[in-house]
Amino acid sequence: MSTSHSPIAIIGAGLGGLTAARVLHVNGIESAVFELEASAAVRTQGGMLDIHENDGQKALHAAGLHDDFLKIVHEGGQAMRLLGPDGTLHLAEEDDGTGGRPEVDRGDLRDLLLGSLPDGTVHWGRKVTGARALGDGRHEVTFADGSAITTDLLIGADGAWSRIRPLVSDARPAYTGISFVETDLFDADARHPRSAAVVGGGFFIALGDERGVLAHRESDGSLHVYTALKVDEGWLDTVDFTDHAAAKAAVLAHFEGWDEGLRGLVADAETIVPRRIHALPVGHRWDRVPGVTLLGDAAHVMSPFAGEGANLAMADGAELALAIAAHRGDTEAALAAYEDALFPRSETSAAESAANLDSMFDARGLERMVAFFASGPAAR
């Protein structure tokens, strides 16, 4: 087994890990990022993200990338439509360019971060098989390719099912009671004009009967749809998602009586993929463990119903890097300062996310969300 040493090792090349590496680089500190995927192009990176002024955009400022970020913003993406099951439009907001949550394609944002790092910073094809403490704050990480590293500072940025988290916490994400079935409708204006008109130019929600349909218009003109079902954890296993027609029928059985325009977001889709929604306990935290910490979903995975996951991951990465830069030569002081701010920040967002899940998918979900959005941006 070949072993090398990286003074600062970041596990995971998602938005949080890359932000940490970039802000460290801006502050003259080298790091190495280890990612299980074989390359940056191995898969698409998911749908649109709204990047918030108070966390995600602050991280981009710290990374020196905010001006470049503004160049990849999806114009019109902050528009929003809220419908009921019968297709009635209850609320519509236009994107006048003054909102504080511009939309961007996750893949474009990841590419921006990757392109800002020195060549060789990201080590691809490194799937973690184990991590252990060596004493004095040092750790060893082993990979499926037979290689290993030792490190003085280990940062777990490796998502909901983090292989680094067990070094600091025995918590595991639990099923939230909501499952998504994700669908795509490509070239929507030309091929799916009815669905394109239903969704509009930005974000879309239809709620009722303790279920919902959420969608984004993507920057490439496609529609990315999240059908949300309140079902048992095992329900998705009862559906054969390799048989698209059967899978669509199983999902649409939950939407009997809904408007055909809404049902079309599933019925007319060209892809269909299941995903359970998991979350760590609200207020997840750990005692200080020398030489290791977590960021992003590894630290506080939550449901997506506060829109904070990516923003928090980037904020975590930037704040951790800034703490390391501010406490050069004293890793423990840096990690203590970072975690002191991390825990209350993530608890607030996780509590909001859990509360939004409950309110969106209860019997009064539609009226609750109408009231929420009608309260205005300042109240959100």
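Up top you'll find the structure we're talking about.
Below is a short write-up of the structure.

Criteria and thresholds
- Residues numbered from 1 in each chain as written.
- Predicted model: local features only at pLDDT ≥ 70, side-chain atom pairs only at ≥ 80, totals over all residues.
- Heavy atoms only, no water.
- Helix = DSSP H or I, 4+ residues; strand = E, 2+ residues; numbered from the N terminus.
- Rg over C-alpha atoms; globule rule 2.2 N^0.38 Å.
- Contact = heavy atoms within 4.5 Å.
- Areas by Shrake-Rupley, 256 points an atom, 1.4 Å probe, with all protein chains shown as cover.
- Lys, Arg positive; Asp, Glu negative; His and termini not counted.
- Charge placed at Lys NZ, Arg CZ, Asp CG, Glu CD.
- Buried < 20%, exposed > 50% of the residue type's maximum accessible area, 1.4 Å probe, protein only.
- Axes fitted to C-alpha atoms, helices over the stretch in contact; angles between N-to-C directions.
- Parallel < 35°, antiparallel > 145°, perpendicular 65-115°, else oblique.
- Left-handed = near helix turned anticlockwise from the far one by under 90°.
- Core = buried A, V, L, I, M, F, W, Y, C linked by side-chain atoms within 4.5 Å.
- Expected span 1.5 Å × (residues − 1).
- Pairing = 2+ DSSP bridges.

**A look at the overall build of the chain**
Along the backbone of the chain there are 12 helices and 16 strands. For a compact globule of 380 residues, the expected C-alpha radius of gyration is about 21 Å, and the chain comes in at 21 Å, within 12% of that figure. Projected onto its principal axes, the C-alpha coordinates of the chain cover approximately 60 × 45 × 35 Å. For the chain, contacts bridging at least 24 residues in sequence account for 72% of all contacts bridging at least 6. As displayed, the chain offers around 15900 Å² of accessible surface, 50% of which is attributable to carbon and sulfur atoms. Where the 31 positive side-chain charges of the chain centre and where its 57 negative ones centre are 3 Å apart.

**A closer look at unusual backbone geometry**
Of note in the backbone geometry, Asp136 takes a positive phi value of approximately 60° without being a glycine. Residue position: Asp136 is located in the loop between strand E8 (128-135) and strand E9 (138-143). What makes Asp136 exposed here is its relative accessible area of 82%. A positive phi angle, close to 60°, is found at Glu210, a residue other than glycine. Looking at the secondary structure, you find Glu210 in the loop between strand E12 (203-208) and strand E13 (211-217). Look at Glu210 and you get partly exposed, because its relative accessible area is 33%.

**Some words on the packing of helix H1 (residues 15-26) against helix H4 (residues 106-115)**
Relative to each other, H1 and H4 sit at 25°, their axes nearing to 9 Å. Between H1 and H4, the angle is such that the two are roughly parallel. Two packed elements cross with a definite hand, and for H1 against H4 that hand is left-handed. Across from Leu15, Leu18 and Thr19 in H1, the residues of H4 making contact are Arg106, Leu109, Arg110, Leu113 and Leu114.

**Some details on the nonpolar core**
Counting 59 residues, the largest nonpolar core has Ile10, Phe69, Leu109, Ile155 and Ile324 as its most contacted members. Top contributing element to this core by residue count: helix H10 (residues 309-326), with eight residues. Residues in contact with Phe69, not counting those within four places in the same chain, are Ile51, Gln57, Leu60, Pro102, Val104, Leu109 and Leu112. Counting residues in hydrophobic clusters, the runner-up holds 30 residues, among them Tyr175, Val213, Ala247 and Leu265.

**Some remarks on H10**
Taking 1.5 Å of rise per residue, 18 residues should cover 26 Å, and H10 covers 26 Å from first to last C-alpha, within 8% of that figure. The element H10 is extensively covered by neighbouring structure, given that 14 of its 18 residues are classed as buried.

**Things to note about the pairing of strand E4 (residues 80-83)**
Pairing of E4 with strand E5 (residues 89-93) involves four bridges; the strand directions are antiparallel. In the sheet register, Met80 faces E5, and the bridge partner there is Glu93. Hairpin remark: E4 followed by E5, antiparallel, with five residues in the connecting loop; positive phi at Gly87, about 90°.

**Topic: the sheet that holds E5**
Taken together, the seven strands give an open sheet; going across it, the order is E5-E4-E12-E13-E14-E11-E15, and neighbouring strands pair in mixed fashion. Either end of the sheet is taken by a strand with one partner, and the two such strands are E5 and strand E15 (271-279). Strand-to-strand twist in this sheet, taken as the mean axis angle between neighbours without regard to direction, amounts to 15°.

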